[in-house]
Amino acid sequence: MQFNFVLDNHGKNPDIAARLSQIIYPMRVTLSRLGHGVSISHDQIFLDQINLFLEYFTDREYLYLLKDLKVSKNLTYGVINTELYFNKTIPYMNKDVLFNKPNNFIDRVEGLEEVCKNADFVWSLFENTAKECLTLNSNSKFFPFGFLGLVNENDHRAEKNIDVAFFGKVTPHRLNILQKLNKIGLSVYVVGAGWEKGYLS
């Protein structure tokens, strides 16, 4: 099968592929190792491939476009849900997370629910979220990935000095977990939007 990651539902920012690479790369490697072809495009939807969209649907016009392509052109697509989602909400949506739009999470939840109903499948990075998404799409699955063994142990050039590496946007829940890891003495390195500096410790 040929999979195509489409990114422009995350905005027109040219560096969006770099910002999402920490999620896309392990999924791309996993799918490739299973024998599938994988491409990444910013704004191209291919009718002869399985198009993959990372969850973030706040633009109603984009949802209408996908729905129209599904009906009129038989578009095949899947949604990759990267957030915790349960009880029909993102659990930290009412916390002090700063965004350009005050209704960002509300729009995201509504968009997620709408896009999942029409998708061919939904993959979630959290097992509980996959179960919750069964209410939106009967083909909702947990997509586990982790250490992929990409680096030969003999190729390491530096001693290990980081216990935990985290890639992603700062949220109150993530900050709380990483601070707890730091308090028990683990070396924590963070990269992503909203972090004041790279290292917590």
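All figures in this text were calculated on a predicted structure; none of them were measured in a lab. (Residues numbered from 1 in each chain as written. Predicted model: local features only at pLDDT ≥ 70, side-chain atom pairs only at ≥ 80, totals over all residues. Heavy atoms only, no water.)

Q: Would you mind going over the packing of aromatic side chains in detail, with residue names and values included?
A: If you walk through the whole model with that rule in mind, you get seven aromatic pairs. Aromatic pair phenylalanine 3 and tryptophan 123: ring centres 5.9 Å apart, planes at 45°, arrangement tilted. Placement of phenylalanine 3 in strand S1 (residues 2-6) and of tryptophan 123 in strand S5 (residues 121-124) is noted, with a sequence separation of 120 residues between them. Comparing phenylalanine 3 with tryptophan 123, the two get one shared label, buried. Their ring planes at 90° and their centres at 5.8 Å tell us that phenylalanine 53 and tyrosine 77 sit as a pair that is edge-to-face. Taken together, the residues span a long stretch of sequence, with phenylalanine 53 in strand S3 (residues 50-54) and tyrosine 77 in strand S4 (residues 77-81) at a distance of 24 residues. Pair check on accessibility: phenylalanine 53 and tyrosine 77 agree, each one buried. Within the aromatic cluster, the residues linked to one another by ring pairs are Phe3, Phe121, Trp123 and Phe143. (Phe/Tyr/Trp six-rings, centres within 6.5 Å; stacked < 30°, edge-to-face > 60°. Helix = DSSP H or I, 4+ residues; strand = E, 2+ residues; numbered from the N terminus. Buried < 20%, exposed > 50% of the residue type's maximum accessible area, 1.4 Å probe, protein only.)

Q: Before we move on, could you go through the sheet that holds S5 and cite the residues and values that matter?
A: Strand order in the open sheet formed by six strands is S2-S1-S3-S4-S5-S6, and the pairing between neighbours is parallel. At either end of the open sheet lies a strand with only one pairing partner, and these are strand S2 (37-41) and strand S6 (140-142). Averaged over all pairs of adjacent strands, the angle between their axes in this sheet comes to 25°, without regard to strand direction. As defined by bridge partners, S4 adjoins S5 across four bridges and the pair is classed as parallel. The residue of S5 that forms the bridge with glycine 78 is phenylalanine 121. (Pairing = 2+ DSSP bridges. Axes fitted to C-alpha atoms, helices over the stretch in contact; angles between N-to-C directions.)

Q: Describe helix H2 (residues 60-73), naming the residues involved and giving the relevant values.
A: With 14 residues, H2 extends 19 Å between its outermost C-alpha atoms, agreeing within 8% with the 20 Å of an ideal straight helix rising 1.5 Å per residue. Along H2, the residues that are buried comprise Tyr62, Leu63, Leu66 and Leu69. Projection of H2 onto a plane perpendicular to its axis shows the buried side chains occupying an angular sector of 130°, all on one side. Seen from the open side of H2, the exposed residues pointing more than 90 degrees away from its buried face are Glu61, Tyr64 and Val71. The backbone nitrogen of glutamate 61 has a side-chain oxygen 2.9 Å away, supplied by the residue at the start of H2, namely aspartate 59. Where H2 ends, the next residue or the one after it, asparagine 74, has phi of about 60°, a positive value. (Expected span 1.5 Å × (residues − 1). Arc of directions from axis to C-beta. Polar contact = N/O pair within 3.5 Å; in protein donor to acceptor, adjacent residues only side chain to side chain.)

Q: How would you explain the environment of phenylalanine 145 if you had to name every residue and give the values?
A: Residue placement: phenylalanine 145 occurs in the loop between S6 and strand S7 (164-167). A residue is classified by how much of its surface remains accessible, and phenylalanine 145, at 30% relative accessible area, is partly exposed. With 116 residues separating them along the chain, phenylalanine 145 and valine 29 place their C-alpha atoms 9.7 Å apart.

Q: How would you sum up the pattern of salt bridges? Please name residues and give values.
A: Oppositely charged side chains may form a pair once their charged atoms are brought near each other. Throughout the structure, instances matching the rule amount to four salt bridges. With its nearest N and O atoms 2.7 Å apart, the salt bridge here joins arginine 108 to glutamate 55. Placement of arginine 108 in helix H3 (residues 104-118) and of glutamate 55 in the loop between S3 and H2 is noted, with a sequence separation of 53 residues between them. Judged by relative accessible area, which is 5%, arginine 108 ranks as buried. Ionic pairing is found between aspartate 120 and lysine 70, a salt bridge with its closest N-O pair at 2.6 Å. (Salt bridge = Lys/Arg side-chain N within 4 Å of Asp/Glu carboxyl O.)

Q: Provide a residue-level description of the pairing of S2, including the pertinent values.
A: Looking at chain direction, S1 and S2 are connected through five bridges and run parallel. Opposite valine 6, over in S2, you have serine 41 as the bridge partner. Following the chain from S1 across helix H1 (residues 16-33) to the adjacent parallel S2, one finds a crossover that is right-handed. (Right-handed = clockwise from strand over helix to strand, strands pointing away.)

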